[in-house]
Amino acid sequence: MSTTPENCRINYLEFNVADISKSKAFYGKAFGWTFTDYGPDYTEFSDGAMKGGFTTQLAPSPAGGPLVVLLADHLEAARESVIAAGGNISTDIFSFPGGRRFHFKDADGYELAVWSKE
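All values reported here derive from a predicted model rather than from experimental measurement. (Residues numbered from 1 in each chain as written. Predicted model: local features only at pLDDT ≥ 70, side-chain atom pairs only at ≥ 80, totals over all residues. Heavy atoms only, no water.)

Visitor: Where do I start with the sheet that holds strand 7 (residues 99–105) in this structure?
Guide: Note on sheets: strands pair through backbone hydrogen bonds, and any given pair is parallel or antiparallel. With mixed pairing, four strands are arranged side by side in an open sheet as 5-8-7-6. Only two strands of the sheet have a single partner each, and these edge strands are strand 5 (68–71) and strand 6 (88–96). On average, each strand axis in the sheet is tilted by 20 degrees relative to the strand beside it, whichever way the strands run. Of the pairings in the sheet, the one linking strand 5 to strand 8 (residues 111–116) comprises four bridges and is parallel in character. Looking across to strand 8, one finds that Leu71 is bridged to Trp115. (Pairing = 2+ DSSP bridges. Helix = DSSP H or I, 4+ residues; strand = E, 2+ residues; numbered from the N terminus. Axes fitted to C-alpha atoms, helices over the stretch in contact; angles between N-to-C directions.)

Visitor: Whenever I open this one, the sheet that holds strand 3 (residues 42–46) confuses me. Can you help?
Guide: Judged by pairing direction, the sheet is mixed, and its four strands sit side by side in the order 1-4-3-2 without closing on themselves. Looking at strand neighbours, the two that pair on one side only are strand 1 (12–16) and strand 2 (34–37), the edges of this open sheet. When the angles between neighbouring strand axes are averaged without regard to direction, this sheet yields 25 degrees. Relative to strand 4 (residues 51–55), strand 3 runs antiparallel, the two sharing five bridges. The residue of strand 4 that forms the bridge with Ser46 is Lys51. Relative to strand 4, helix 1 (residues 20–31) is tilted by about 145 degrees, and along the sheet it contacts strand 2, strand 3 and strand 4. (Contact = heavy atoms within 4.5 Å.)

Visitor: Whenever I open this one, the packing of aromatic side chains confuses me. Can you help?
Guide: Between two aromatic rings, the relevant description is the distance of the centres plus the angle of the planes. Inspection of the entire model under this criterion finds 17 aromatic pairs. Ring centres of Phe15 and Tyr27 lie 6.4 Å apart, and the angle between their planes is 25 degrees; this geometry places the pair in the stacked category. In this pair, Phe15 sits in strand 1 while Tyr27 sits in helix 1, placing the two residues 12 residues apart along the sequence. Under the relative-accessibility criterion, Phe15 is labelled buried at 6%. A centroid spacing of 4.8 Å and a plane angle of 90 degrees characterise the contact between Phe26 and Tyr27, whose relative ring orientation is edge-to-face. For the residue pair Phe26 and Tyr27, the accessibility class agrees, reading buried in each case. An aromatic cluster is present here, built from Phe15, Phe26, Tyr27, Phe31, Trp33, Phe35, Phe45, Phe54, Phe102, Phe104 and Tyr110 joined pairwise through their rings. Taking the ring centre of Phe96 as reference, the NZ or CZ of Arg101 above it sits at 5.9 Å. (Phe/Tyr/Trp six-rings, centres within 6.5 Å; stacked < 30°, edge-to-face > 60°. Buried < 20%, exposed > 50% of the residue type's maximum accessible area, 1.4 Å probe, protein only. Lys NZ or Arg CZ within 6 Å of the ring centre and 35° of its normal.)

Visitor: Explanation requested: the pairing of strand 3 in the structure shown.
Guide: Within a regular beta strand, the side chains point alternately toward one face of the sheet and then the other, so they alternate between its two faces. A large share of strand 3 lies buried, amounting to five of its five residues. Counting the residues between successive antiparallel strands, the hairpin from strand 2 to strand 3 contains four residues, one of them, Gly39, with a positive phi of roughly 90 degrees. In this structure, the hairpin formed by strand 3 and strand 4 is closed by a connection of four residues, where Gly48 is found at a positive phi of approximately 100 degrees.

Right, here's the structure in full:
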């Protein structure tokens, strides 16, 4: 059986959130994401390369999920954008083989990471 290049690749991310407008404001301000609304309880986001969604259909569930990692050209600038948008830095910038990164939590308690090769 043949497969497509997209087989078993991350294709979409979905977050259960308490307030879609608050999530849109945070991610729009911090990273410039754009949004397409599909009714009052769902919006799709695009970061320019990948799409996902925010929904209020279920309660936020930040514990136990995968760590979503974003790539940044300038790590300090991304950190400042997260703070300016109201995010909380949960692990400050640290080095690891291949680069540096930090972790933050959004308004619903989801923890994400941002890394850079610099």
